[in-house]
Amino acid sequence: MTADRLIYLPLGGAGEIGMNAYVYGYGQPGKERLILVDLGVTFPDMDTTPGVNLIMPDVTWLEENADRLEAVFITHAHEDHVGAVGRLYQKLKAPIHARPFTRFHAQRKMEEAGQVAEAVIAADIYPQVIKAGPFSVSYLPLSHSIPESAGLIIDSPAGRVVHTGDFKLDENPVLGDAFDETLWREIAKPKDGRRVKALVCDSTNVFSNNPGRSESEVGPELVKLIKGADKMVVATTFASNVARVKQLAEAGVAAGRSVCLLGRSMQRMIMAGEETGVLGKFPHTISVEDARDVPRDNLMLIVTGSQGERRAASAQLARGKYLGLSMKEGDMFLFSSKTIPGNERGVIRIMNAYSEMGVDVVAENDRYHVSGHANRPDLERVHEMINPEMVIPMHGEHRHLREHTRLAEDAGRKAMVVVNGAMCDLTGDAPHIVEHVEADRVYLDGNILIGALDGVVRDRIRMALNGHVIVNVIVEGDEPLGEPWVEIMGLSELGSSKAPLVDILEEDLGQFLMRAGKKTLRDDDKLGDELKRIARKSTNDEIGHKPEVTVVVSRLE
């Protein structure tokens, strides 16, 4: 009989930052009982995913094996870990476990998608154990940039896996759980003579060579900065970083300013923090209506949009007025955040817009922001504390995973880069890949989920890059009726000959119809192909572009 095995299969988050989804399984090959850790999203951009709302992991493999899925465990309430639960729950139908603050957000995601919020179950922390088939799972409290973050202690007959989730080693956080070295060393103690089998570990900051700093170091620096400002102060950070939002508000009050929060996501996060009891007493804030009447040198706004999101408050202010408020020369705008790779253009666009207004922009300054992820020395410390048989890097681009693997191997530990879709067997003395599954992505486009291979996004990109020509012809039997007519979108109206492009296309297409053979005129496919070829060639001759072409052949019988 084939031996049971312990497998690890990332479906998202391994080879990219965002869209986290990690499967663990134990049992006979192909019959393992499964659990899923996190179900997150990533965000689109106009270059590669125009018009798309959200991007999610493709869970087709998991859906096909949903009868083997015991449970879903969410580590924390960031969108890249919890954002897809509502949209993908219908495919999986497994109970979802989360700590109370995370549960609050997961239930809201479920309700927004028309799912049953009660499917999300509140979890307590270690030593409480949640049974899920052959797995016993405990939540390991840890520090991150959002309250009630947790790693997972996953016990199976093949040994213990510690899945860190996103974390930092902060012994004095403003909110949430402090790093507890005693607890970490306790869970690392050999069990039945066996060390921790695998440490599956956050890799985001593996290239940052200084030890991570505490969130509590930011508050005093914020007070100094805001007290030194002469006119209105506007600050942005991640809405989910409620500890930072609270410190910004406290700094504003300490500087004698009235504080106003702008942005629904930030207000929702603060409400969630208050309702779940993790936030404590938040400083008094005023409404946007009252903010309009406050003298500029006594006002501080805390706004959404630290990553350049076009509809967020920071971008709206950069374009002019927002809810009756506007930036003026001498005001200060603070980015109390780090720009996530891929968002640089949007953030720089906002910075330049403020600069043109005469606003002083403070950005990418370590005094006013600390990361929520463990730096390289912190990762080395965790490797030493947990002392696993093997290290599997996760949550990072490929370069992060590769560097983290090297870090572990340099210390004499077995390690492997395991990317999305690679099924890794953790059972033996070293990890090895046993299978590859399809692990692409799906897009939320409006309110419809579409696959990466469906062609919708590809066609949208092609139209954006090349423009669009629509050719209309009417045919009766084997005779064209009248001239073809053409519509263009996203193309220059005049060609190099200085004549209207539409006129040139209609002339060239009309000449073809006049000389086309009866066999071609009777065959819609042949006729369409020829009209498309001529439209592309004529457009390219005139403006140097080969557009996307749609041919509409209408037949009169």
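Structural data are supplied above this passage.
Since we're looking at a predicted model, the values are computed, not measured.

Visitor: Describe the nonpolar core, and please don't skip the residues or the numbers.
Guide: Of all hydrophobic cores here, the largest spans 35 residues; its most connected members are Leu36, Leu39 and Leu62. At four residues, the largest contribution of residues to this core is made by helix 3 (residues 85–92). In this view, Leu36 contacts Ala21, Tyr22, Val23, Leu62, Leu69, Ala71, Val72, Phe73 and Leu92; residues no more than four positions away in its chain are not counted. Core analysis: the next-biggest nonpolar cluster, separate from the first, contains 34 residues, Val218, Val245, Ala249 and Leu261 among them.

Visitor: I'd love a proper account of the side chain of Glu148, names of residues and values included.
Guide: By secondary structure assignment, the location of Glu148 is in the loop between strand 10 (135–141) and strand 11 (150–156). No salt bridge is formed by the buried Glu148; its nearest oppositely charged neighbour, Arg99, is found at 4.5 Å. Within the local environment of Glu148, its side chain forms a polar contact with the backbone nitrogen of Phe101, the two atoms lying 2.7 Å apart. The residues touching Glu148, leaving out its near neighbours within four places in the chain, are Thr75, Arg99, Pro100, Phe101, Thr102, Asp177 and Val278.

Visitor: Any details on the pairing of strand 1 (residues 5–12)? Residues and values, ideally.
Guide: With eight of eight residues buried, strand 1 is to be regarded as a mostly interior element. Direction of pairing for strand 1 relative to strand 3 (residues 21–27): antiparallel, over a ladder of seven bridges. Within strand 3, the residue paired with Tyr8 across the bridge is Tyr24. Across two bridges, strand 1 lies against strand 22 (residues 422–425) in antiparallel orientation. In the strand pairing of strand 22, Tyr8 is matched with Cys424.

Visitor: Tell me about the pattern of salt bridges, and please be specific about residues and values.
Guide: Counted under the stated rule, the structure contains 33 salt bridges. One salt bridge connects Arg462 with Asp459, and the closest N-O pair in it is separated by 4.0 Å. With Arg462 and Asp459 both in helix 14 (residues 456–466) and three residues apart, this pair spans about one turn of that helix. Between Lys518 and Asp478 there is a salt bridge whose closest N-O contact spans 3.9 Å.

Visitor: Summarise the sheet that holds strand 18 (residues 360–362); cite the residues concerned and give the values.
Guide: Spatially, five strands are ordered 15-16-14-17-18 in an open sheet, and the strand pairing comes out parallel. Both outer strands of the open sheet, strand 15 (258–262) and strand 18, are each paired with one neighbouring strand and no more. Between one strand axis and the next, the sheet turns through 20 degrees on average, direction left out of account. Lying over the sheet, helix 7 (residues 242–254) contacts strand 14 (233–236), strand 15, strand 16 (299–303) and strand 17 (332–335), oriented at roughly 175 degrees with respect to strand 16. Helix-sheet contacts for helix 11 (residues 344–357) involve strand 17 and strand 18, and the interaxial angle to strand 17 is about 165 degrees.

Visitor: Would you mind going over the packing of helix 4 (residues 100–112) against helix 8 (residues 264–275) in detail, with residue names and values included?
Guide: At a minimum axis distance of 9 Å, the contact between helix 4 and helix 8 shows a crossing angle of 130 degrees. Taken together, the axes of helix 4 and helix 8 are oblique relative to one another. At the point where helix 4 passes helix 8, the crossing takes the right-handed sense. Contacts between helix 4 and helix 8 pair Phe101, Phe104, His105 and Arg108 from the former with Arg268, Met269, Met271, Ala272, Gly273 and Glu275 from the latter.

Rules of the game
Per chain, residue numbering runs from 1 following the sequence as it is written. The predicted origin of the model limits local features to residues at a pLDDT of at least 70 and limits the giving and counting of side-chain atom pairs to 80 or more, whereas totals for whole chains, interfaces and linings rest on all residues. Hydrogen atoms and water are omitted, and side-chain values are computed over all heavy atoms in the structure. Grouping buried Ala, Val, Leu, Ile, Met, Phe, Trp, Tyr and Cys residues that are joined through side-chain atoms within 4.5 Å yields what is termed a nonpolar core. Burial status follows relative accessibility: with a 1.4 Å probe on protein chains alone, a residue under 20% of its type maximum counts as buried, one over 50% as exposed, and anything between as partly exposed. Counting from the N terminus, the helices are the DSSP runs of H or I reaching at least four residues and the strands are the DSSP runs of E reaching at least two. Any two residues whose heavy atoms approach within 4.5 Å at even a single point are treated as in contact. As used throughout, the charge tally considers Lys and Arg to be positive and Asp and Glu to be negative, leaving His and the chain termini uncounted. A side-chain nitrogen of Lys or Arg and a carboxyl oxygen of Asp or Glu constitute a salt bridge if their distance falls within 4 Å. Pairing of N or O atoms within 3.5 Å defines a polar contact, subject to two protein rules: one partner must be a possible hydrogen donor and the other a possible acceptor, and residues neighboring in sequence count only if both atoms are side-chain atoms. A strand pair is defined by DSSP finding two or more bridges across the two strands. For helices, the fitted line uses only the C-alpha atoms of the stretch in contact; every axis is such a line through C-alpha atoms, and the angle between N-to-C directions lies from 0 to 180 degrees. Should an angle fall under 35 degrees it is taken as roughly parallel, and over 145 as roughly antiparallel, whereas 65 to 115 is taken as roughly perpendicular and any remaining angle as oblique. By convention, the crossing between two helices is left-handed when the near helix turns anticlockwise from the far helix through less than a right angle, and right-handed when the turn is clockwise.

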